[in-house]
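Understanding the architecture of this molecule
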Amino acid sequence: MAANLTPQYLEAEQEYKKAQTPEERLACLKRMYALVPKHKASEKLQAELKTKMSEAREEVEHAKKSPKKGGGPSYKIPKQGAGQYIVLGGPNAGKSRLLTRLTRAAPEVAAYPFTTREPHAGMMEWEDVKVQLIDTPPITADVMEPYLSSMVRSADAALLMVDLADDDGPFSAQTVIDRLAEVKTHLGEKPEQQDDLTHVYVKTLLVANKIDCDDAAVRLEVVRELFEKKYPIHVISAEHGQGMEDLRNALYRFLNVIRVYTKQPGKPPDMTSPFTCPAGSTLVEMAALVHRDFSANLKSARIWGTGVFDGQSVSRDHVLHDKDVVELHL
Ligand SMILES: Nc1nc2c(ncn2[C@@H]2O[C@H](COP(=O)(O)OP(=O)(O)O)[C@@H](O)[C@H]2O)c(=O)[nH]1
Ligand SMILES: [Mg+2]
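Residues numbered from 1 in each chain as written. Chains lettered and ligands numbered in written order. Predicted model: local features only at pLDDT ≥ 70, side-chain atom pairs only at ≥ 80, totals over all residues.

Once that is clear, we can look at the overall build of the protein. Helix and strand counts for the protein come out as 10 helices and 13 strands. The C-alpha atoms of the protein give 22 Å as radius of gyration, which agrees with the globular expectation for 330 residues (20 Å, within 12%). Along the longest, intermediate and shortest principal axes, the C-alpha atoms of the protein span 70 × 55 × 40 Å. Counting all 330 residues of the protein, 32% fall into the buried class. (Helix = DSSP H or I, 4+ residues; strand = E, 2+ residues; numbered from the N terminus. Rg over C-alpha atoms; globule rule 2.2 N^0.38 Å. Buried ≥ 20, exposed ≤ 12 C-beta atoms within 10 Å, placed from the backbone.)

Below, the structure written as structure tokens:
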């Protein structure tokens, strides 16, 4: 392939891969088609895109004709950025306030419960990457929106919020854990041996909020006693800002991803939008994110970064590090 795809095209393709509905897929494909350089070398790709667009169009039409069967609304929020967190907690824990602090999203914040009915997504900036946070309605012993558990199961990680202004705060958090566990959705690390694959484990950070309130320190002791063996604990005041920068850093680090920048031969690297992949990824795993052709056809690569000399040629199974720059050759 010598189609010389632009970074904008590759970005659109990344989004296409993450798209979760036919509408999103179609929109991404249209962008990719608009961005593909129109010349001989890309004719095959153009034809492929056209076929995929007509398939996606059919899917969209089909979905319109046969609307969803009952079961309440369902929400699919396409993953964006370095990773997706689902923000969970009991009523009034401060979930929505947290999103208004860390992202540009503006969910309603209010002193009465159940203000948040629908999930809201926002992007948190961290250095040169973004992390997606999804605000959700509260989970209590009596109420859990039916769509929530599947959103938790597909998230990269969860943020469980505890209300330190309320004596029941720590126990409300336990209720969230228990309700999700009833539907085989577990907040916490995967056990070493997992026999029943219908159970899903989502790694979780616990955030104790409202440390500015009276007696918050006493309740924090309860939180530590109940949860410190199971979850990393971060203490904040979403209202007043305490602990927010530490939390921002922790949210990125907990995802355990690395950033890799790409460059084209003879050109400076594109340092504006890194690809992110799980720590420990190999060159070929990362290359597959850039373009699917790379996983089969990657011939060689040069790399600048950790543990290599500048421009060193490396093999497909070379393990990458944060901030490596790679030049991929087909
Ligand atoms: N004192 C104090 N109040 C907070 C803090 N965070 C949120 N609140 C208040 O708690 C109430 C519930 O917040 P909200 O974000 O709507 O909670 P949600 O139901 O979890 O989304 C609102 O009145 C917020 O202003 C905090 O850190 N300190
Ligand atoms: Mg809310």
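Time to look at the sheet that holds strand β9 (residues 257-262). The sheet built from five strands is open, its strands ordered β10-β9-β13-β11-β12 with mixed pairing. Two strands bound the open sheet, and with one partner strand each, they are β10 (275-278) and β12 (312-314). In this sheet, adjacent strand axes meet at a mean angle of 40 degrees when their direction is disregarded. In this sheet, strand β13 (residues 324-329) lies alongside strand β11 (residues 300-304) in antiparallel orientation, the contact comprising five bridges. Directly across from W304, in β13, lies its bridge partner V325. Across the face of the sheet, helix α9 (residues 283-290) comes into contact with β9, β10, β11, β12 and β13 while running at roughly 135 degrees to β10. (Pairing = 2+ DSSP bridges. Axes fitted to C-alpha atoms, helices over the stretch in contact; angles between N-to-C directions. Contact = placed C-beta atoms within 7 Å.)

With that settled, the discussion passes to the domain arrangement of the protein. One frequent convention defines the size of an interface as the accessible area lost when the parts assemble. Examined at the domain level, the protein breaks down into domain 1 (1-67), domain 2 (84-255) and domain 3 (257-330). Taking the mean C-alpha position of each, domain 2 and domain 3 sit 34 Å from one another. (Domains from an automatic or database assignment.)

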